[in-house]
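# Descriptive structure summary
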Amino acid sequence: ASSMYPGMSYDERLAHMLSIAEESYGPRTQQHTILPVGFHVGLPEVFYPSPTTIEIRLPVACKADHERSCYMLAHECVYVLSPCGLFSVTVLEEGLATSFAHSYIQDHSAGDWTHCPKSWSRSGDQHYDFARALVECFLASRPDAIRRLRSREQFISSISARIISEIYPEVSTFVASSLTARFWSHVSPPSAPVKPIWLAPTKPRA
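Predicted model, so just to flag it, every value in this text is computed and none were measured.

## Description of the overall build of the protein
A tally of regular secondary structure across the protein gives seven helices and four strands. Tracing the protein from N to C terminus, the helices and strands come up as α-β-β-β-β-α-α-α-α-α-α. In the protein, which comprises 206 residues, the proportion classed as buried is 47%. Across the protein, every contact between residues at least 6 apart in sequence was considered, and the portion connecting residues at least 24 apart equals 60%.

Next up, the structure:
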(Lines give C-alpha, C1' and ligand atoms only; values in the text may rest on other atoms or scores of the structure.)
Protein backbone atom coordinates (compact mmCIF):
# COMPACT_ATOMS: atom_id res chain seq x y z
CA ALA A 1 0.00 0.00 0.00
CA SER A 2 1.19 3.51 -0.73
CA SER A 3 2.24 5.71 2.14
CA MET A 4 1.01 8.68 0.14
CA TYR A 5 -2.24 10.14 1.48
CA PRO A 6 -4.59 12.85 0.26
CA GLY A 7 -4.19 16.13 2.09
CA MET A 8 -0.39 16.04 2.44
CA SER A 9 1.21 19.44 2.11
CA TYR A 10 3.79 20.06 -0.59
CA ASP A 11 6.51 20.05 2.08
CA GLU A 12 5.33 16.66 3.34
CA ARG A 13 5.27 15.38 -0.22
CA LEU A 14 8.82 16.59 -0.81
CA ALA A 15 9.99 14.80 2.35
CA HIS A 16 8.28 11.64 1.12
CA MET A 17 9.82 11.96 -2.34
CA LEU A 18 13.28 12.54 -0.89
CA SER A 19 13.04 9.48 1.34
CA ILE A 20 12.26 7.32 -1.71
CA ALA A 21 14.95 8.97 -3.85
CA GLU A 22 17.59 8.55 -1.13
CA GLU A 23 16.68 4.90 -0.69
CA SER A 24 17.11 4.29 -4.42
CA TYR A 25 19.93 6.68 -5.29
CA GLY A 26 21.85 7.20 -2.04
CA PRO A 27 21.78 9.95 0.60
CA ARG A 28 21.68 13.58 -0.37
CA THR A 29 24.68 15.83 0.17
CA GLN A 30 24.31 17.98 3.27
CA GLN A 31 25.71 21.32 2.09
CA HIS A 32 22.26 22.93 1.94
CA THR A 33 19.28 23.22 4.26
CA ILE A 34 16.06 22.55 2.36
CA LEU A 35 13.52 25.37 2.70
CA PRO A 36 9.73 24.98 2.35
CA VAL A 37 8.47 24.50 -1.21
CA GLY A 38 7.85 27.88 -2.84
CA PHE A 39 5.69 29.08 -5.73
CA HIS A 40 6.53 31.80 -8.24
CA VAL A 41 5.66 33.12 -11.67
CA GLY A 42 7.96 31.04 -13.81
CA LEU A 43 9.11 27.50 -14.55
CA PRO A 44 9.95 24.88 -11.90
CA GLU A 45 13.41 25.53 -10.51
CA VAL A 46 15.90 24.86 -7.77
CA PHE A 47 16.73 28.20 -6.16
CA TYR A 48 19.53 29.11 -3.75
CA PRO A 49 18.39 31.95 -1.45
CA SER A 50 21.78 31.77 0.30
CA PRO A 51 24.98 29.73 0.00
CA THR A 52 23.66 27.24 2.56
CA THR A 53 19.95 27.01 1.67
CA ILE A 54 18.05 25.48 -1.23
CA GLU A 55 14.43 25.89 -2.28
CA ILE A 56 12.29 24.21 -4.91
CA ARG A 57 9.99 26.70 -6.61
CA LEU A 58 6.98 25.59 -8.64
CA PRO A 59 4.74 27.60 -10.98
CA VAL A 60 2.05 29.37 -8.97
CA ALA A 61 -0.37 28.76 -11.84
CA CYS A 62 -0.15 25.01 -11.13
CA LYS A 63 -0.49 25.21 -7.35
CA ALA A 64 -4.08 23.91 -7.37
CA ASP A 65 -3.22 21.11 -9.84
CA HIS A 66 -1.69 18.67 -7.37
CA GLU A 67 -0.97 15.99 -9.93
CA ARG A 68 0.99 18.28 -12.23
CA SER A 69 2.71 20.06 -9.34
CA CYS A 70 3.79 16.78 -7.74
CA TYR A 71 5.20 15.62 -11.08
CA MET A 72 7.30 18.79 -11.24
CA LEU A 73 8.23 18.56 -7.54
CA ALA A 74 9.45 14.98 -7.94
CA HIS A 75 11.58 16.03 -10.92
CA GLU A 76 13.19 18.89 -8.99
CA CYS A 77 13.60 16.64 -5.93
CA VAL A 78 16.32 14.63 -7.70
CA TYR A 79 18.46 17.78 -8.09
CA VAL A 80 18.32 18.30 -4.33
CA LEU A 81 20.23 15.03 -3.80
CA SER A 82 23.45 16.59 -5.09
CA PRO A 83 22.82 20.17 -6.25
CA CYS A 84 24.81 21.59 -9.14
CA GLY A 85 24.40 24.52 -11.52
CA LEU A 86 21.81 24.25 -14.28
CA PHE A 87 24.39 24.19 -17.05
CA SER A 88 26.47 21.51 -15.31
CA VAL A 89 23.62 19.00 -15.29
CA THR A 90 24.22 15.85 -17.33
CA VAL A 91 21.94 13.62 -19.37
CA LEU A 92 22.21 11.10 -16.52
CA GLU A 93 20.80 13.49 -13.91
CA GLU A 94 18.18 15.03 -16.20
CA GLY A 95 17.01 11.63 -17.37
CA LEU A 96 16.95 10.31 -13.81
CA ALA A 97 14.85 13.28 -12.67
CA THR A 98 12.37 12.75 -15.52
CA SER A 99 12.18 9.02 -14.82
CA PHE A 100 11.72 9.51 -11.07
CA ALA A 101 8.95 12.04 -11.60
CA HIS A 102 7.08 9.60 -13.83
CA SER A 103 7.47 6.62 -11.51
CA TYR A 104 6.57 8.61 -8.40
CA ILE A 105 3.20 9.74 -9.76
CA GLN A 106 2.54 6.29 -11.22
CA ASP A 107 3.42 4.40 -8.03
CA HIS A 108 1.78 6.70 -5.47
CA SER A 109 -1.76 6.97 -6.69
CA ALA A 110 -3.20 7.85 -3.28
CA GLY A 111 -2.35 11.51 -3.77
CA ASP A 112 -4.73 14.43 -4.36
CA TRP A 113 -5.00 13.74 -8.06
CA THR A 114 -7.16 12.02 -10.64
CA HIS A 115 -4.23 9.95 -11.94
CA CYS A 116 -4.32 11.44 -15.39
CA PRO A 117 -1.40 9.99 -17.40
CA LYS A 118 -1.19 12.96 -19.78
CA SER A 119 0.13 14.97 -16.83
CA TRP A 120 3.10 12.69 -16.25
CA SER A 121 3.50 9.90 -18.83
CA ARG A 122 5.60 12.20 -21.05
CA SER A 123 7.49 15.30 -20.05
CA GLY A 124 6.22 17.14 -23.13
CA ASP A 125 9.76 17.64 -24.41
CA GLN A 126 11.45 14.94 -26.49
CA HIS A 127 14.91 15.85 -25.18
CA TYR A 128 13.86 15.02 -21.63
CA ASP A 129 12.04 11.91 -22.80
CA PHE A 130 15.11 10.68 -24.69
CA ALA A 131 17.28 11.29 -21.64
CA ARG A 132 14.80 9.37 -19.52
CA ALA A 133 14.77 6.46 -21.99
CA LEU A 134 18.56 6.23 -22.01
CA VAL A 135 18.75 6.29 -18.22
CA GLU A 136 15.98 3.72 -17.82
CA CYS A 137 17.73 1.39 -20.28
CA PHE A 138 20.95 1.78 -18.28
CA LEU A 139 19.19 1.13 -14.96
CA ALA A 140 16.95 -1.71 -16.18
CA SER A 141 19.48 -4.41 -15.31
CA ARG A 142 21.37 -2.25 -12.79
CA PRO A 143 18.75 -0.91 -10.35
CA ASP A 144 21.41 0.07 -7.79
CA ALA A 145 23.68 1.79 -10.33
CA ILE A 146 23.13 5.37 -9.12
CA ARG A 147 23.84 4.40 -5.52
CA ARG A 148 26.99 2.52 -6.58
CA LEU A 149 28.21 5.33 -8.81
CA ARG A 150 27.56 7.89 -6.06
CA SER A 151 29.69 5.88 -3.66
CA ARG A 152 32.55 6.93 -5.95
CA GLU A 153 31.28 10.43 -6.86
CA GLN A 154 28.49 11.82 -4.69
CA PHE A 155 27.45 14.53 -7.17
CA ILE A 156 25.37 12.85 -9.88
CA SER A 157 26.36 15.31 -12.62
CA SER A 158 30.05 14.88 -11.73
CA ILE A 159 29.92 11.14 -12.44
CA SER A 160 32.26 10.65 -15.39
CA ALA A 161 32.21 8.22 -18.28
CA ARG A 162 35.42 6.75 -16.83
CA ILE A 163 33.71 5.94 -13.51
CA ILE A 164 30.79 4.30 -15.33
CA SER A 165 33.20 2.24 -17.44
CA GLU A 166 35.23 1.15 -14.40
CA ILE A 167 32.18 -0.03 -12.41
CA TYR A 168 30.26 -1.32 -15.44
CA PRO A 169 32.85 -2.39 -18.04
CA GLU A 170 30.11 -4.01 -20.14
CA VAL A 171 28.60 -0.58 -20.87
CA SER A 172 29.81 0.78 -24.19
CA THR A 173 31.98 3.87 -24.30
CA PHE A 174 29.31 5.56 -26.41
CA VAL A 175 26.60 4.98 -23.80
CA ALA A 176 28.89 6.05 -20.94
CA SER A 177 29.79 9.22 -22.84
CA SER A 178 26.15 9.85 -23.76
CA LEU A 179 25.02 9.57 -20.13
CA THR A 180 27.68 11.98 -18.90
CA ALA A 181 27.27 14.58 -21.65
CA ARG A 182 26.03 18.00 -20.54
CA PHE A 183 22.29 18.23 -21.08
CA TRP A 184 22.49 21.93 -21.95
CA SER A 185 25.22 22.86 -24.39
CA HIS A 186 24.74 26.63 -24.05
CA VAL A 187 26.71 28.63 -21.51
CA SER A 188 23.95 31.24 -21.21
CA PRO A 189 20.27 30.34 -20.75
CA PRO A 190 19.02 28.88 -24.03
CA SER A 191 15.86 30.23 -25.62
CA ALA A 192 14.74 26.68 -26.46
CA PRO A 193 15.86 23.18 -25.40
CA VAL A 194 19.05 22.14 -27.11
CA LYS A 195 19.75 18.63 -28.33
CA PRO A 196 22.06 16.79 -25.94
CA ILE A 197 25.39 15.85 -27.47
CA TRP A 198 24.43 12.18 -27.62
CA LEU A 199 21.54 12.93 -29.98
CA ALA A 200 23.76 14.65 -32.54
CA PRO A 201 24.20 12.64 -35.75
CA THR A 202 27.51 10.87 -35.96
CA LYS A 203 29.82 11.53 -38.88
CA PRO A 204 30.25 8.50 -41.15
CA ARG A 205 33.66 6.94 -40.94
CA ALA A 206 35.88 7.39 -43.96
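## Brief notes about the confidence of the model for the protein
Per-residue confidence for the protein gives a mean pLDDT of 85, with 79% of residues at or over 70. Summarising per-element confidence for the protein, the mean pLDDT is lowest in helix α4 (residues 126-140) (92) and highest in helix α5 (residues 145-152) (98). Here residues 186-206 is a poorly scored stretch, pLDDT under 50, and it has 30 contacts once near neighbours within four places are set aside; other chains count.

## Overview of the environment of Val41
Positionally, Val41 belongs in the loop between β2 (38-40) and β3 (45-50). Taking the C-alpha atoms as reference points, Val41 and Ala61, 20 residues apart in sequence, are found 7.4 Å from one another.

## Quick notes on the side chain of Glu94
Take Glu94: it is sitting in helix α3 (residues 91-107). Here the side chain of Glu94 touches His75 through a polar contact of 3.0 Å, side chain to side chain. Every residue in contact with Glu94, bar those within four places of it in the chain, is listed here: His75, Tyr79, Val89, Tyr128, Phe183 and Trp184.

## Regarding the side chain of His102
Counting through the fold element by element, His102 comes out in helix α3. Side chain to side chain, His102 and Arg132 meet in a polar contact 3.4 Å long.

## Observations regarding the packing of helix α1 (residues 10-25) against helix α2 (residues 66-81)
At their nearest, the axes of α1 and α2 sit 9 Å apart, and the two run at 45 degrees to each other. By the angle class used here, α1 and α2 are oblique. The chirality of how α1 crosses α2 is right-handed. Residues Tyr10, Arg13, Leu14, Met17, Leu18, Ala21, Glu22 and Tyr25 of α1 lie in contact with α2, whose contacting residues are His66, Ser69, Cys70, Leu73, Ala74, Cys77, Val80 and Leu81. Each residue belonging to the contact of α1 with α2 can be placed in one class, and the counts come to twelve nonpolar, two polar and two charged.

## As for the packing of aromatic side chains
Under the criterion given, the structure shown has seven aromatic pairs. Between Tyr25 and Phe100, the aromatic rings sit 6.0 Å apart at their centres with planes inclined by 70 degrees, giving edge-to-face as the arrangement. Pair noted here: Tyr25 is in helix α1 and Phe100 is in helix α3, with a separation of 75 residues, a long-range link. The same class applies to Tyr25 and to Phe100, which are both buried. Taking 6.4 Å as the distance between ring centres and 70 degrees as the angle between the ring planes, the aromatic pair formed by Tyr128 and Trp184 counts as edge-to-face. Highlighted residues: Tyr128 in helix α4 and Trp184 in the segment after α7 (173-179), separated in sequence by 56 residues. One exposure class covers both Tyr128 and Trp184, and it is buried. Members of the aromatic cluster, joined through ring pairs, are Tyr25, Phe100 and Tyr104. Above the ring of Phe47, the side-chain terminus of Arg57 is found at 3.5 Å from the ring centroid.

## Let's talk about the environment of Ile54
Residue placement: Ile54 occurs in strand β4 (residues 53-59). When its relative accessible area of 1% is taken as the criterion, Ile54 is described as buried. Remark: the alpha-carbon pair of Ile54 and Leu35, spanning 19 residues in sequence, is separated by 6.0 Å. When residues no more than four places from it in sequence are discounted, the contact partners of Ile54 are His32, Thr33, Ile34, Leu35, Val46, Phe47, Tyr48, Pro49, Val80 and Pro83.

## Section: the pairing of β3
Looking at chain direction, β3 and β4 are connected through four bridges and run antiparallel. Counterpart to Val46 in the pairing with β4 is Ile56. Connecting the antiparallel pair β3 and β4 is a turn made up of two residues.

What counts as what
- Residues numbered from 1 in each chain as written.
- Predicted model: local features only at pLDDT ≥ 70, side-chain atom pairs only at ≥ 80, totals over all residues.
- Heavy atoms only, no water.
- Helix = DSSP H or I, 4+ residues; strand = E, 2+ residues; numbered from the N terminus.
- Buried < 20%, exposed > 50% of the residue type's maximum accessible area, 1.4 Å probe, protein only.
- Contact = heavy atoms within 4.5 Å.
- pLDDT = per-residue confidence, 0-100.
- Polar contact = N/O pair within 3.5 Å; in protein donor to acceptor, adjacent residues only side chain to side chain.
- Axes fitted to C-alpha atoms, helices over the stretch in contact; angles between N-to-C directions.
- Parallel < 35°, antiparallel > 145°, perpendicular 65-115°, else oblique.
- Left-handed = near helix turned anticlockwise from the far one by under 90°.
- Nonpolar A, V, L, I, M, F, W, Y, C, P; charged D, E, K, R; others polar.
- Phe/Tyr/Trp six-rings, centres within 6.5 Å; stacked < 30°, edge-to-face > 60°.
- Lys NZ or Arg CZ within 6 Å of the ring centre and 35° of its normal.
- Pairing = 2+ DSSP bridges.

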